[in-house]
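Reading the structure
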Amino acid sequence: MKKNILFSVFIGILFLLIIILMFVGKSDLSQQTFTFDDTNFFNQSESQNKKNTSWYNTTKNNSKKDYSIFANELYMHFDLKNSDDLEKKKFYQILIDRNDPYSLFCVKQNIDSLKLKFFLLNAKNNTQIFVDSSDISIIYVLIENLKAQNIKSSFKEIWL
């Protein structure tokens, strides 16, 4: 019984809303007059064509370019043949037995805890980890910390 009363109240409100919208729509239509003037229509279309060509010409003639194209990849080339006076720097490459995200996370956290500078090089099959340190004892501490987390690791010295 309550469902029928609720449903009838809802239908009544909907019916009143439709009647009100019909009266509002009818009053708006009675105030508007529709006339079609051929000459005015063709003059507007010609002026719109002129406007379309004008914005095109302004952008075409604008020589100032304040934008740059975004890039997904960046390739750099350094010619070091003429620079004999550059010093090579010693880095340590950390070699780990597993290359899963958890192992890389553990390695990164251990390197951060030792406050070492490092960079990761993403290769096709694995990620290579390079640590910038002049003290080899810190590298041994890093290797021991990784053994405690069940990550077998070693290092090799790289000169870049």
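For the structure itself, look to the data block above.
Residues numbered from 1 in each chain as written. Predicted model: local features only at pLDDT ≥ 70, side-chain atom pairs only at ≥ 80, totals over all residues. Heavy atoms only, no water.

Quick look at the side chain of D132
On the secondary structure map, D132 appears in strand 3 (residues 127-132). Classification of D132 by relative accessible area gives buried; the value is 18%. A distance of 3.1 Å separates the side chain of D132 from the side chain of K89, its partner in a polar contact. The contact partners of D132, leaving out residues within four places of it in the chain, are K89, K90, F91 and K117. (Helix = DSSP H or I, 4+ residues; strand = E, 2+ residues; numbered from the N terminus. Buried < 20%, exposed > 50% of the residue type's maximum accessible area, 1.4 Å probe, protein only. Polar contact = N/O pair within 3.5 Å; in protein donor to acceptor, adjacent residues only side chain to side chain. Contact = heavy atoms within 4.5 Å.)

Description of the sheet that holds strand 3
The strand order across the open sheet built from 4 strands is 2-3-1-4, with neighbouring strands paired in antiparallel fashion. With one partner strand each, in any of the chains shown, strand 2 (117-122) and strand 4 (153-159) form the two edges of the open sheet. The mean angle between the axes of side-by-side strands here comes to 30°, regardless of whether they run parallel or antiparallel. In this sheet, strand 3 lies alongside strand 1 (residues 90-96) in antiparallel orientation, the contact comprising 3 bridges. Along strand 3, the bridge assignment pairs Y92 with V131. Running at roughly 5° to strand 3, helix 3 (residues 101-113) makes contact with strand 1, strand 2 and strand 3 of the sheet. Along the sheet, helix 4 (residues 136-148) makes contact with strand 1, strand 3 and strand 4, crossing strand 4 at roughly 150°. (Pairing = 2+ DSSP bridges. Axes fitted to C-alpha atoms, helices over the stretch in contact; angles between N-to-C directions.)

Remarks on the nonpolar core
I94, I111 and V131 are the most contacted members of the largest nonpolar core, which has 14 residues in total. Of all the secondary structure elements, the ones that give two or more residues to this core are strand 1, helix 3, strand 3 and helix 4. Among the elements that make up this core, the one with the highest residue count is helix 4 (4 residues). Sequence-distant contacts of I94, that is, excluding residues within four places in its chain, are made with I129, V131, I139, L142, L146, S154 and F155. (Core = buried A, V, L, I, M, F, W, Y, C linked by side-chain atoms within 4.5 Å.)

Things to note about the packing of helix 3 against helix 4
In helix packing, the relevant descriptors are the interaxial angle and the interaxial distance, both defined with respect to the helix axes. Running from N to C, helix 3 and helix 4 point in directions that differ by 140°, and their axes come no closer than 10 Å. Our classification of the angle between helix 3 and helix 4 gives oblique. By crossing handedness, the relation of helix 3 to helix 4 is classed as right-handed. Of the residues in helix 4, those in contact with C106, V107, N110 and I111 of helix 3 are L142, N145 and L146. Residue classes in the contact of helix 3 with helix 4 are distributed as 5 nonpolar, 2 polar and no charged. (Parallel < 35°, antiparallel > 145°, perpendicular 65-115°, else oblique. Left-handed = near helix turned anticlockwise from the far one by under 90°. Nonpolar A, V, L, I, M, F, W, Y, C, P; charged D, E, K, R; others polar.)

Let's talk about the pattern of salt bridges
Pairing between side chains of opposite charge can happen when their charged atoms approach one another. Applying the stated rule across the entire model yields 3 salt bridges. Across the salt bridge formed by K108 and D112, the nearest N and O atoms sit 3.0 Å from each other. Remark: D112 and K108 occur in helix 3; sequence separation between them is 4 residues, near one turn of the helix. A salt bridge links K147 to E144; the shortest N-O distance between them is 3.7 Å. (Salt bridge = Lys/Arg side-chain N within 4 Å of Asp/Glu carboxyl O.)

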